[in-house]
Amino acid sequence: RAQAAHAQPFFAGPTPAHGDFNVFHHLDNAMLLEPDILQKSRLLAEWFERMRAIPQLADFLAKRPELNGIGEDPGLEDRNGVRITQRSPKGWARLADGCWETQGEE
C-alpha cells in the first residue's frame, strides 16, 4: 500500500534498493513451492516483474543454478546437470558462467 500511495516503482523509491532484492529473493524461493503466491496481489506481482526485468538480475536468473530437492535433499543444479548439496564431498564449489567448479575430496 505504501508503494502505491507514493507512486514509486520500488519499495524505497525510483530505483531498487537492498530491501527490494531481499524480498525478491524470498518470494522467488517461495514460488518454488507456491507458484500462484502472487495472484492475490496485483501490485506485488507488478513489482516482482519490474525486478525480474532489471537486466543484471535477469542475467543472473538465467545463469543461476536450479534449486531442487526441497524437503528431501536440497541442492543446486547447474545448467550441465551437475548437482551440489550439503551432502556433497567436502571442499568448495563456485559458479562460473552458470556451471559448477569444484575442488576437494571426491
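Above this text sits the structure in question.
Attention in this report is confined to the structure presented alongside it. Just so we're clear, the structure is a prediction, and the values are computed from it rather than from any experiment.

**What about the nonpolar core?**
If you look at the biggest cluster of nonpolar residues, it comprises ten residues: Phe10, Phe24, Leu27, Leu38, Trp47, Phe48, Met51, Ile54, Leu57 and Leu61. Secondary structure elements with two or more residues in this core: helix H2 (18-33), helix H3 (42-52) and helix H4 (55-63). At three residues, the largest contribution of residues to this core is made by H3.

**Some points on the sheet that holds strand E2 (residues 75-77)**
Reading across the sheet, the three strands line up as E1-E2-E3 and stay open at both edges, with antiparallel pairing between neighbours. Of all the strands in the sheet, the pair left with one neighbour each is strand E1 (66-68) and strand E3 (83-85). Averaged over all pairs of adjacent strands, the angle between strand axes in this sheet comes to 30 degrees, irrespective of strand direction. With three bridges joining them, E2 and E3 adopt antiparallel strand pairing. For glutamate 77, the partnering residue across the bridge sits in E3 and is arginine 83.

**Focus on the packing of aromatic side chains**
For any pair of aromatic rings, the description consists of the separation of the ring centres together with the inter-plane angle of the planes. Per the stated rule, a full pass over the model turns up three aromatic pairs. Ring centres of phenylalanine 24 and phenylalanine 48 lie 4.6 Å apart, and the angle between their planes is 20 degrees; on these two criteria the pair is classed as stacked. With phenylalanine 24 in helix H2 and phenylalanine 48 in helix H3, this pair connects stretches of sequence that are 24 residues apart. A relative accessible area of 4% places phenylalanine 24 in the buried class. Aromatic ring contacts, followed pair by pair, group Phe11, Phe24, Trp47 and Phe48 into a single cluster.

**Quick notes on H2**
Taking 1.5 Å per residue, 16 residues should reach 22 Å; H2 reaches 24 Å between its end C-alpha atoms and fits that length. Considered for burial, the residues of H2 that qualify are Asp20, Phe24, Leu27 and Asp28. All buried residues of H2 lie within an arc of 105 degrees about the axis, which places them on one face of the element. Seen from the buried face of H2, the exposed residues on the opposite side, beyond 90 degrees, are His18 and Leu33. Here the buried face of H2 lies against H3 and H4.

**Some remarks on the packing of H2 against H3**
Contact pair H2 / H3: the axes reach a minimum separation of 11 Å and the direction vectors enclose 105 degrees. Taken together, the axes of H2 and H3 lie roughly perpendicular to each other. In contact with Asp20, Phe21, Val23, Phe24, Leu27, Asp28 and Met31 of H2, H3 contributes Leu44, Trp47, Phe48, Met51 and Arg52. By residue class, the composition of the contact of H2 with H3 is nine nonpolar, no polar and three charged.

**So, the pairing of strand E4 (residues 91-96)**
Bridge analysis of E4 against strand E5 (residues 99-104) gives six bridges, and the strand direction is antiparallel. Its bridge partner lying in E5, alanine 93 is registered against threonine 102. Between E4 and E5, which pair antiparallel and follow one another directly, the connecting turn spans two residues, one of which, aspartate 97, has a positive phi of 55 degrees.

Criteria and cut-off values
Residues numbered from 1 in each chain as written. Predicted model: local features only at pLDDT ≥ 70, side-chain atom pairs only at ≥ 80, totals over all residues. Heavy atoms only, no water. Core = buried A, V, L, I, M, F, W, Y, C linked by side-chain atoms within 4.5 Å. Buried < 20%, exposed > 50% of the residue type's maximum accessible area, 1.4 Å probe, protein only. Helix = DSSP H or I, 4+ residues; strand = E, 2+ residues; numbered from the N terminus. Pairing = 2+ DSSP bridges. Axes fitted to C-alpha atoms, helices over the stretch in contact; angles between N-to-C directions. Phe/Tyr/Trp six-rings, centres within 6.5 Å; stacked < 30°, edge-to-face > 60°. Expected span 1.5 Å × (residues − 1). Arc of directions from axis to C-beta. Contact = heavy atoms within 4.5 Å. Parallel < 35°, antiparallel > 145°, perpendicular 65-115°, else oblique. Nonpolar A, V, L, I, M, F, W, Y, C, P; charged D, E, K, R; others polar.

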